[in-house]
Amino acid sequence: MTSQTHGLVCAHHHLYSSLARGMPAGGVAADFLAILKTVWWRLDIALDLDIIYWSAALGAAEAVMSGTTAIIDHHESPTAIEGSLDAIAAGCALVGVRTNLCYGVTDRWGNDQSLMPVGTTPQSMTDGARRGLQECDRYLSTGATGMVGVHAAFTCSDETLEAAADLALRHNTGVHIHVAEGDADANASMRLQSLASESWLLAHCVYLDQDMPGTIVHNARSNMNNAVGYAYPAKKNNRIVLGTDGIGADMQEEARLAYARLRESDISQTPDTVWQWLQNAEQIFPEVCKDTVTWNYGDIDSPWHSAFTTTSAVSDVAIGGVPIVVDSQLVSCDLGEIRAKAAEATQRLFGRL
Ligand SMILES: [Zn+2]
């Protein structure tokens, strides 16, 4: 027995994290901010365009083999900004996955390359943020699908937040931003309220204390991994979609975990709630309706079956009618080469940490 669905969407990914698995530890983190400093801000500053390309290709290959045909990525590489979105697009094009890309601007690195002091808010736009906005502007001007990225309100000046919102308006798109992921960003909604619109993509929203417009991306596994608390998306009025925050792109798996976490907080909930979040992604990435995913399980489109079938697997994927996975094998490109090149890039990356 098999069944077929549309392509799935990972609505918040960080493809540059594909090579982070197994990275040298930077010490035991005491809280979420420490995780950012000892893992992600240490990693992103060591990226170069070649590493970004192979990281994207590996992440895209793993995504499509899980039935995910569209990736909404949020990227940061402070020492390799210009051309970074082209590198991600090329890595994903090698595999054949659909993308929506952005560069996530931030003022956390001052013009003298010092990290902003804890507990302070940057006062004006830095050179790094200006270059990040230019990268978004350049990429969107080519006609490619994307958004304007912002890391998070707490690492940005008001000047940068306003410029990002303005740039998104000019390109008729939204801003893709982490919102209230940890308590350090708890006042995000206050600072973003007057800028946000329904076209914005709001990742996490764990500490969101007032309504704000936009689609909320729930990242259940990442939130649990970072111990930031439960976002309780079912209590929010916004459209909810699912992301992985860079921990792979297996959306059936992510939905199962999101269901378990939801149910832990409310026994009256059913899997329909979470499978609706999975379906909602077709509203923000409708092209996936042209994609087909064949599963080795006959009732994958039943929420009650999917929630409790941990062995469902993808056999075939076609994107826009083009076969990408056939009999569980990637046929659009050489997976062995991607893995080998990604491993080489990983060695170079880890050597810089
Ligand atoms: Zn994220």
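Residues numbered from 1 in each chain as written. Predicted model: local features only at pLDDT ≥ 70, side-chain atom pairs only at ≥ 80, totals over all residues.

Asks: What am I meant to see in the overall build of the protein chain here?
Replies: For the protein chain, the helix and strand inventory stands at eleven helices and 14 strands. Expected size for 353 residues packed as a compact globule is a radius of gyration near 20 Å; at 19 Å, the protein chain falls within 12% of this value. Taken along its principal axes, the extent of the C-alpha atoms in the protein chain is 60 × 45 × 45 Å. Residues counted as buried form 51% of the 353 residues belonging to the protein chain. Taking contacts inside the protein chain between residues at least 6 apart in sequence as the whole, the part at least 24 apart equals 72%. (Helix = DSSP H or I, 4+ residues; strand = E, 2+ residues; numbered from the N terminus. Rg over C-alpha atoms; globule rule 2.2 N^0.38 Å. Buried ≥ 20, exposed ≤ 12 C-beta atoms within 10 Å, placed from the backbone. Contact = placed C-beta atoms within 7 Å.)

Asks: For this particular structure, what's the right way to read the sheet that holds strand E12 (residues 314-319)?
Replies: Two modes of strand pairing occur in sheets, parallel and antiparallel, and in both the strands are linked by backbone hydrogen bonds. With antiparallel pairing, the five strands of this open sheet are ordered in space as E1-E11-E12-E13-E14. What marks the edges here is a single partner per strand, and that holds for strand E1 (3-5) and strand E14 (329-330). (Pairing = 2+ DSSP bridges.)

Asks: What exactly am I supposed to notice about the nonpolar core here?
Replies: Side chains of a nonpolar character, in soluble globular proteins, are inclined to be buried together. Counting 105 residues, the largest nonpolar core has Ala60, Val64 and Ile71 as its most contacted members. Take this core: its biggest share by element is eleven residues, from helix H2 (residues 49-64). Discounting residues that sit within four places of it in the chain, Ile71 has contacts with Cys10, His13, Leu15, Ala60, Ala63, Cys92, Val97, Thr99 and Ala249. (Core = buried A, V, L, I, M, F, W, Y, C linked by C-beta atoms within 7 Å.)

Asks: What should I look at first to understand the sheet that holds strand E7 (residues 175-179) in this one?
Replies: In spatial order, the strands read E5-E6-E7-E8-E9-E10; together these six strands make up an open sheet with parallel pairing. Of all strands in the sheet, those with a lone pairing partner are strand E5 (104-105) and strand E10 (240-242), marking the two edges. As paired elements, strand E9 (residues 215-218) and E10 share three bridges and run parallel to each other. Residue pairing for E10: Ile216 is matched across the bridge by Ile240. Contacts from helix H5 (residues 158-170) reach E5, strand E6 (148-152) and E7 within the one sheet, and its direction differs from that of E6 by about 155°. (Axes fitted to C-alpha atoms, helices over the stretch in contact; angles between N-to-C directions.)

Asks: How should I be thinking about the packing of helix H8 (residues 251-265) against helix H9 (residues 271-284) in this particular structure?
Replies: Axes are the key here: two packed helices are described by the angle between their axes and the distance separating the axes. As a packed pair, H8 and H9 sit with axes 9 Å apart at the nearest point and diverge in direction by 140°. The orientation of H8 with respect to H9, classified from their angle, is oblique. For the pair H8 and H9, the crossing hand works out as right-handed. Listed contacts from H9 to Met251, Ala255, Ala258, Tyr259 and Leu262 of H8 are Pro271, Thr273, Val274, Trp275, Trp277 and Leu278. Along the lines of polarity and charge, the residues of the contact of H8 with H9 split into ten nonpolar, one polar and no charged. (Parallel < 35°, antiparallel > 145°, perpendicular 65-115°, else oblique. Left-handed = near helix turned anticlockwise from the far one by under 90°. Nonpolar A, V, L, I, M, F, W, Y, C, P; charged D, E, K, R; others polar.)

Asks: What's the story with H8 in this structure? I'm lost.
Replies: Three or four residues apart is the spacing at which side chains of an α-helix point the same way, because the helix has 3.6 residues per turn. With 15 residues, H8 extends 21 Å from end C-alpha to end C-alpha; this agrees with the ideal 21 Å at 1.5 Å per step. Inspection of H8 places Met251, Gln252, Glu254, Ala255, Arg256, Ala258, Tyr259 and Leu262 among the buried residues, and these make up the whole buried set. (Expected span 1.5 Å × (residues − 1).)

Asks: Before we go on, may I ask you to explain the pairing of strand E2 (residues 8-13) in this structure?
Replies: Walk down a regular strand and you will see the side chains alternate between the two sheet faces. For E2, the tally of buried residues reaches six of six residues, placing the bulk of the element in the interior. Inspection of the sheet shows E2 paired to strand E3 (residues 68-73) by four bridges, in the parallel sense. The partner of His13 across the bridge, within E3, is Asp73.

Asks: Got a minute to help me understand the environment of Tyr297 in this structure?
Replies: Along the polypeptide, Tyr297 turns up in the loop between strand E11 (292-295) and helix H10 (303-307). Overall, the presence of 18 C-beta atoms within 10 Å leaves Tyr297 in the partly exposed class.

Asks: Just checking my understanding: could you explain the packing of H2 against helix H3 (residues 84-95) for this structure?
Replies: Packing of H2 against H3 leaves a shortest axis separation of 7 Å and a crossing angle of 35°. In the crossing of H2 with H3, the sense of the turn from one axis to the other is right-handed. Residues Leu49, Ile52, Tyr53, Trp54, Ala56, Ala57, Ala60, Ala61 and Val64 of H2 form the contact with H3, whose own contacting residues are Ser84, Ala87, Ile88, Ala90, Gly91, Cys92, Leu94 and Val95. The class makeup of the residues in the contact of H2 with H3 is 15 nonpolar, two polar and no charged.

Asks: Sorry if this is basic, but what is going on with unusual backbone geometry here?
Replies: Apart from glycine, the bulk of residues carry a negative phi angle, and the bulk of peptide bonds sit in the trans form. Of note in this structure, Ala227 is not a glycine but carries a positive phi near 55°. The backbone of Asp245 shows a phi angle near 60°, a positive value even though the residue is not glycine. Looking at the element boundaries, Asp245 is found in the loop between E10 and H8. Assessed through the 25 C-beta atoms surrounding it within 10 Å, Asp245 is described here as buried.

Asks: What am I meant to see in H5 here?
Replies: Here H5 contains 13 residues, and its C-alpha end-to-end distance of 18 Å stays within 8% of the 18 Å for a straight helix at 1.5 Å per residue. Along H5, the residues classified as buried are Thr160, Leu161, Ala164, Ala165 and Ala168. Seen end-on, H5 carries its buried residues on one side only, within an arc spanning 135°. Just downstream of H5 lies Asn172, where phi reads positive at about 55°. (Arc of directions from axis to C-beta.)

Asks: Could you clarify how one ought to interpret the pairing of strand E13 (residues 322-326) in this entry?
Replies: As paired elements, E12 and E13 share three bridges and run antiparallel to each other. Counted as the bridge partner of Ala318 is Pro323 from E13. Hairpin connection from E12 to E13: two residues lie between these consecutive antiparallel strands, with Gly320 at a positive phi of about 60°. The pairing of E13 with E14 spans two bridges and is classified as antiparallel. When the bridges of E14 are listed, Val325 appears paired with Leu330. From the end of E13 to the start of E14, which pair antiparallel, there are two residues, and Asp327 there has a positive phi angle of about 50°.

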